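The chain contents come next:
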Amino acid sequence: PMAWPNTPCGDPCDVLAGDTINVDGSNDVFDINLDLIDPPLPGENLVWGVISGEDIGSMGVDAYFEVFDAGYSYLGSDATGQYGHYYAYLPDGDYYINFYGSGPYSHYVSELHDGSQCPWNSCDLGAITPLSPSGESIIRIDANLAPGVIFSGSVVQVGTANGIENVDMQFADNVGAVVFSMGTDPDGLYSTPGLPVGSYYVIANGQPIGFETELFD
């Protein structure tokens, strides 16, 4: 059974799992569309939920979810459907699921299934309790992503407009611990995923490729 908007509601259906449709007399026609999903097959489990944003309430957002196995190997990813819903059929086992925004929500900080913030897989999965579905279970896990900040820019050689590739861009917190790093592209450009709101030191580490390291100030 499925309640609107595309919310599995159990069997028998718990109608309160869905959202109400408010009828005030201003409209006499409502389009109510629902996508029914298959129950898990023997040996499978259904993990589903809604990905929303902290700054926009319960409204679903354009996002992706990605799944890793117990050995931290990447298994695959998919985009959310309408209303920010996602569905994944998984065999019995241990998994890690990461959620992140896309499009106009790319600045949101990615989040793991336990609610830990994980800016673009920068966290230690070994410190996270895995999700362990079994017995043809149906598990709901919602993610409420926090708005973050995206840093972008370029690194060029002094006195020229030539971009420098593979400069290690490091972002350290207010005590100097590097919380995220990435390399520049062939044109010397970089753009981070959503990082948590806060204070950062930004370092362009060019030493591995023969340049001096520079701290943004």
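Here goes a summary of the coordinates provided. In this text the structure is predicted, and so the values were computed from the model without any measurement.

A look at the overall build of the chain
Assigned secondary structure in the chain consists of 0 helices and 16 strands. Looking at the chain residue by residue over its 217 residues, the buried ones come to 36%. On the chain, roughly 12,200 Å² of surface is accessible, and the fraction owed to carbon and sulfur atoms is 50%.

Remarks on the packing of aromatic side chains
Inspection of every chain in the model, using the stated rule, returns 10 aromatic pairs. Taken together, a centroid distance of 5.2 Å and an interplanar angle of 55 degrees make the contact between Tyr 86 and Phe 99 tilted. On the criterion of sequence distance, the pair formed by Tyr 86 in strand 6 (residues 85–91) and Phe 99 in strand 7 (residues 95–101) is long-range, its members being 13 residues apart. By the burial criterion, Tyr 86 is buried, and Phe 99 matches it. The structure contains a cluster of three or more aromatic residues connected by ring pairs, namely Phe 151, Phe 171, Phe 180, Tyr 190 and Tyr 200.

Focus on the pattern of salt bridges
Between side chains of opposite charge, a pair can form when the charged atoms approach closely. All told, the structure shown has 1 salt bridge when counted by the stated rule. Two residues, Asp 142 and Arg 140, come together in a salt bridge whose shortest N-O distance is 3.0 Å. Classification of Asp 142 as partly exposed rests on a relative accessible area of 40%.

Looking at the pairing of strand 12 (residues 168–172)
With 4 of its 5 residues buried, strand 12 lies for the most part within the structure. Bridge analysis of strand 12 against strand 13 (residues 178–183) gives 5 bridges, and the strand direction is antiparallel. Across the sheet, Ala 172 pairs through a bridge with Val 178, a residue of strand 13. Between strand 12 and strand 13, which follow one another and run antiparallel, lie 5 residues, and Gly 176 among them has a positive phi close to 90 degrees.

A few points about unusual backbone geometry
At Tyr 72, a position not held by glycine, the phi torsion is positive, near 70 degrees. Here Tyr 72 is to be found in the loop between strand 4 (63–69) and strand 5 (74–79). Its relative accessible area of 42% is what places Tyr 72 among the partly exposed residues. You will see that Asn 166, though not glycine, has its phi angle at about 65 degrees, which is positive. Relative to the helices and strands, Asn 166 is located in the loop between strand 11 (152–154) and strand 12.

Digging into the sheet that holds strand 4
Sheet architecture is open: 4 strands sit in the order 5-4-7-8, paired in antiparallel fashion. Here the strands that pair on one side only, and so sit at the sheet edges, are strand 5 and strand 8 (111–112). Judged from the 5 bridges that link them, strand 4 and strand 5 form a sheet pairing that is antiparallel. By the bridge assignment for strand 5, Tyr 64 is matched with Ala 79.

Calculation criteria
Residues numbered from 1 in each chain as written. Predicted model: local features only at pLDDT ≥ 70, side-chain atom pairs only at ≥ 80, totals over all residues. Heavy atoms only, no water. Helix = DSSP H or I, 4+ residues; strand = E, 2+ residues; numbered from the N terminus. Buried < 20%, exposed > 50% of the residue type's maximum accessible area, 1.4 Å probe, protein only. Areas by Shrake-Rupley, 256 points an atom, 1.4 Å probe, with all protein chains shown as cover. Phe/Tyr/Trp six-rings, centres within 6.5 Å; stacked < 30°, edge-to-face > 60°. Salt bridge = Lys/Arg side-chain N within 4 Å of Asp/Glu carboxyl O. Pairing = 2+ DSSP bridges.

All we've got here are geometric facts, nothing functional implied.
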